[in-house]
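Report on the structure
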Amino acid sequence: MIGSELDAAGVHDPALRESYRRCRKINAEHGRTFFLATRLLAPSQRPAVHALYGFARRADDILDDFDEGLGTAARADMLHQLATHLFDRLVQGTPGGDDDPTLAAVVDSARKYGITWQLFDDFLGSMQMDLTVTDYPNRAALDRYTYGSAEVVGLQMLPILGCVVPLEEAAPAAAALGKAFQLTNFLRDIDEDLQRGRVYLPADELAVHGVDRDVLAWCHDTARTDARVRSALVEQHAITRQIYRQARQGIPLLHPRSRPCVEAAFTLYSEILDRIEDIDFAVFDQRATVGTARRVQVGATGLAKAWWARAKHAGA
């Protein structure tokens, strides 16, 4: 399958094809919802999406590897090297002196679709924040982080997906979708993030409900959701829902062949919010997930829509 995708994308160089294969493998192993949605894109679009995911995962692995022998300084150096090698290849046009298997594919995709270095730099800037920033005092501070960690991913995806309007017109909704997905992760993974010493919720908004680090630590230690924390999470849940409503407005602006993919991702991620609500925000003792049967149902529906859209708009 990957061979036909690469052929459709016009990727023929053996070394470059191998880089794309490695990125696809990373997406398949770790992406789950993202990989499923990618399968709904046209074959020619998929390799670039795999490349973006592979690079993002590479940076994420530097940050979240539980190897205690890797201190902050070592992780910062690894992240700096990754950024330097990407800059050298993408901007300077030099080999970059690195054998990271994802770089060749992501550079090729960035050049093919006009994805700027600035978007990668903003992404890496947020990754660097994860090395030292463990709390966010207010919404503005969290927004600065989520712009680089999530919104730019939506912006990077936009030229691959294609639009029926100028890209800048669709950009706000694309950024909102990336942000909505990220905020959903923050709510679902609050307990896991606490284990890494991080809280991705605005401290001042939590404080309104009487929640601080100590209260969250109690929830983690007891695997229970304190009533104050539940109240705070209900508010964060509503904020995230509103961002999904903003993001939905961008789906009709996409090229018809890309809409089924984004609709499926939108449905599956927004239903994680449903599951969080269904378990009454008991996110410290269980993980809110969308079941396999539902994922298959959404995927099958999306696949049918994708086939129809590609047939109707073939050559467009």
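The preceding data block contains the structure.
A brief look at the structure comes next.

Reading the values: the criteria
- Residues numbered from 1 in each chain as written.
- Predicted model: local features only at pLDDT ≥ 70, side-chain atom pairs only at ≥ 80, totals over all residues.
- Heavy atoms only, no water.
- 1 Å grid on protein atoms, 1.4 Å probe; cavity = no way out; pocket = protein on both sides within 12 Å on 5 of 7 lines; lining within 4 Å.
- Points joined across faces, edges and corners; volume = space filled by probe spheres on them.
- Helix = DSSP H or I, 4+ residues; strand = E, 2+ residues; numbered from the N terminus.
- Nonpolar A, V, L, I, M, F, W, Y, C, P; charged D, E, K, R; others polar.
- Core = buried A, V, L, I, M, F, W, Y, C linked by side-chain atoms within 4.5 Å.
- Buried < 20%, exposed > 50% of the residue type's maximum accessible area, 1.4 Å probe, protein only.
- Contact = heavy atoms within 4.5 Å.
- Expected span 1.5 Å × (residues − 1).
- Arc of directions from axis to C-beta.
- Axes fitted to C-alpha atoms, helices over the stretch in contact; angles between N-to-C directions.
- Parallel < 35°, antiparallel > 145°, perpendicular 65-115°, else oblique.
- Left-handed = near helix turned anticlockwise from the far one by under 90°.
- Salt bridge = Lys/Arg side-chain N within 4 Å of Asp/Glu carboxyl O.

With respect to empty space enclosed by the protein
- Under the counting rule described, the total for this entry stands at one cavity of 30 Å³ or more.
- Of the pockets and cavities examined, the largest cavity occupies roughly 40 Å³.
- Lining the largest cavity are Arg139, Leu142, Leu183, Phe186, Leu187, Tyr200, Leu201, Pro202, Gln236 and Thr240.
- When residues of the lining of the largest cavity are traced back to their parent elements, those giving at least two are helix 8 (139-161), helix 9 (167-188) and helix 13 (227-248).
- If one sorts the elements of the lining of the largest cavity by residue count, helix 9 sits on top with three residues.
- The class makeup of the residues in the lining of the largest cavity is seven nonpolar, two polar and one charged.

Examining the nonpolar core
- The biggest cluster of nonpolar side chains holds 93 residues, and the ones touching the most others in it are Phe55, Leu86, Val106, Phe120 and Leu216.
- Looking at this core element by element, the count peaks at 11 residues for helix 9.
- Excluding residues that lie within four positions of it along the chain, leucine 86 makes contacts with Phe55, Val91, Leu103, Val106, Val107, Trp117 and Phe120.

Re helix 15 (residues 292-312)
- Here helix 15 is 21 residues long and its end C-alpha atoms lie 30 Å apart, about the 30 Å a rise of 1.5 Å per residue gives.
- Residues of helix 15 that are buried include every one of Arg295, Val298, Gly299, Gly302, Ala306, Ala309 and Arg310, and no others. Along helix 15, the residues classed as buried sweep out an arc of 100° about the axis, all on the same side. Residues Ala293, Val296, Trp307, Trp308, Ala311 and Lys312 are exposed on helix 15 and point more than 90 degrees away from its buried face.

Structural notes on the packing of helix 9 against helix 14 (residues 259-278)
- The contact between helix 9 and helix 14 brings their axes to 10 Å, and the two run at 30°. With respect to each other, helix 9 and helix 14 are oriented roughly parallel. Considering the relative orientation of helix 9 and helix 14, their crossing is left-handed. Residues Leu177, Phe181, Thr184, Asn185, Leu187 and Arg188 of helix 9 form the contact with helix 14, whose participating residues are Val262, Ala265, Phe266, Tyr269, Ile272, Leu273 and Ile276.

Details of the pattern of salt bridges
- Under the counting rule described, the total for this entry stands at 20 salt bridges.
- When the shortest N-O distance is used, the salt bridge between aspartate 108 and lysine 112 registers 3.9 Å. Taken together, the positions of aspartate 108 and lysine 112, both in helix 6 (residues 103-113) and four residues apart, correspond to about one turn of that helix.
- Judged by its relative accessible area of 22%, aspartate 108 falls in the partly exposed class.
- Judged by relative accessible area, lysine 112 falls into the partly exposed class, the value being 40%.
- A salt bridge links arginine 230 to aspartate 280; the shortest N-O distance between them is 2.7 Å. One end of the pair, arginine 230, is in helix 13; the other, aspartate 280, is in the loop between helix 14 and helix 15, and 50 residues separate them in sequence.
- Residue classification places arginine 230 among the partly exposed residues on the basis of a relative accessible area of 33%.

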